[in-house]
Amino acid sequence: MKPRPFDYIRPDTVEEAVALLADYGEDARVLAGGQSLVPMLNLRLIEARVLIDISRIATLDVIRERDGRIEIGAAVTQNTLMAWPQLATKLPLVAAALPFVGHFQTRNRGTVCGSMAHADPSSELPLALAVAGGEIVLRSRRGERVLAAGDFQKDMLTTARAGDELIVAARFPVANGAGIAFREVARRHGDFAIIAVAALAEDKNTVRLGVGGMAGRPMVRRLGAKDAADAVAAWAEDLEGYEDLHASAAMRRDLFRNLAPLAIEEALRCAA
Amino acid sequence: MRRIDRNERARISVTLNGRKLSADAEPRMLLCDFLRHALGATGTHVGCEHGVCGSCTVLIDGVAARSCLTFAVQVEGRDIKTVESLAAPDGALNPLQRAFHNNHALQCGFCTPGILMSFTDFLARNPRPSTAEIREVLGGHLCRCTGYAGIVAAIEEVAGRD
């Protein structure tokens, strides 16, 4: 349960980090909080020739508002965001999702952008990003590009990040006073969700509903309030789900059918 | 920029429980192993080695974290506190430890150092937690012999609740 040997490099600036990624590309892994990466290294599920530790780059440890969006830098931990005084007003969906992200002890080091990079299909923050219509900011020597959540996360543990790119931030649109709901089912609070559901009311009659744990990545649909239950039931049949030790695909589909209407109702109630 | 090659044993300095200490570590050495094998601080216990059980929890700059999910090279120059920091030099238990003793909150004691360090951080931030909040933080730990009721009672006692 020890990782294979790797070179360790701790750059002081984003420019240095990007230059290192240009040199090493796929041979390198970016280390920030390490709460997903280090277990995989310890279990030897993955191997890295080089770890690039970005956790001390001060310019990445910033939460700021810009053009109606909250930008969360790649070194910001989940608990730092959770303690951000404006979170509940400006990003209510993220505020509702964060308590489900791992445990107090892992949120202390785990980063928001690290959850995005890891791209676990049942992970809460990528689900919140997808439902909120957020973006990921990537930087490389070739320049900067901004990808919508749906274009960034491709499949299970797979993103559109190129080997020479650094995730520098995640951006969530400010959602003052939006009606939201977040629900999940897990064996123990803080464990990987069997399924997670996030809802955001666009107005009194429409919600954006997202589900994690039913496909290789978060799935999002816009649903009308009136026929929401039927739409969820139909959607549940479309989603393949997947089987693991914790739940069969059928059980996931059943949980989704039961959980989604509650989240939709709660989001619409908050919106009213 | 700090760079340590895979086979290099670099000198890593930390402040451990108020003392400046240093020892050699290669990049892949976990903080828990660095504490136990390089610095001799064996109070921190190593359970699952992938961040699930919480036994190895220590404070890094005052913040509770899994020392099995952190490499020693990452905490270079940082302040580390382990269970050895809690009791007075004469061995007198601190209030949190005493509450564990009073409430039978440990049996074999393997998971206890991690739980004590988690709540050292948590109670500093939230000195009057609800039972639900205590249970949520305790959810980050596994105890396979005592169970959790005594641990919750101990935290409630030290937080001044009956």
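Residues numbered from 1 in each chain as written. Chains lettered and ligands numbered in written order. Predicted model: local features only at pLDDT ≥ 70, side-chain atom pairs only at ≥ 80, totals over all residues.

(A) Up close: the overall build of chain A. Counting its secondary structure elements, chain A contains 11 helices and 14 strands. With respect to the three principal axes, the spread of C-alpha positions in chain A is 55 × 40 × 35 Å. A total of 272 residues make up chain A; the buried ones form 52% of that total. (Helix = DSSP H or I, 4+ residues; strand = E, 2+ residues; numbered from the N terminus. Buried ≥ 20, exposed ≤ 12 C-beta atoms within 10 Å, placed from the backbone.)

(B) Expanded view of the interface of chain A and chain B. Taken together, the contacts link 29 residues of chain A with 29 residues of chain B. Broken down by element, the side of chain A that touches chain B gets its largest block of residues, four residues, from strand 1 (residues 7-10) of chain A. Residue composition of the side of chain A that touches chain B, by class: 11 nonpolar, 10 polar and eight charged. Bridging between strand 1 of chain A and strand 1 (residues 2-4) of chain B involves three bridges; their strand directions are antiparallel. Residue pairing across strands places Arg-10 of chain A opposite Arg-2 of chain B, the latter belonging to strand 1 of chain B. (Contact = placed C-beta atoms within 7 Å. Nonpolar A, V, L, I, M, F, W, Y, C, P; charged D, E, K, R; others polar. Pairing = 2+ DSSP bridges.)

(C) Structural detail: the domain arrangement of chain B. All names here are of chain B. Assigned domains within chain B: domain 1 (10-84) and domain 2 (95-158). Computed from C-alpha coordinates alone, the two centres of domain 1 and domain 2 are separated by 21 Å. On the side of domain 2, 12 residues touch domain 1, which itself brings 14 residues to the contact. Of all the secondary-structure elements, those providing two or more residues to the side of domain 1 that touches domain 2 are strand 4 (57-60) and strand 5 (63-66). It is strand 4 that contributes the most residues to the side of domain 1 that touches domain 2, three residues altogether. Of the residues assigned to the side of domain 1 that touches domain 2, the class counts are seven nonpolar, seven polar and no charged. (Domains from an automatic or database assignment.)

(D) Up close: the domain arrangement of chain A. Entries for chain A in the domain assignment read domain 1 (7-53), domain 2 (60-173) and domain 3 (180-271). Here the C-alpha centre of domain 3 of chain A lies 34 Å away from the C-alpha centre of domain 1 of chain A.

(E) Broad picture of the environment of Ala-75 of chain A. Residues and elements named next belong to chain A. Structurally, the position occupied by Ala-75 is in the loop between strand 5 (69-73) and helix 3 (78-82). Given 23 C-beta atoms within 10 Å, Ala-75 falls into the buried group. For the pair Ala-75 and Cys-113, spaced 38 residues apart in sequence, the C-alpha to C-alpha distance is 7.6 Å. Ala-75 has contacts with Ala-32, Ile-54, Ser-55, Ile-57, Leu-60, Asp-61 and Thr-111, leaving out every residue within four places of it along the chain.

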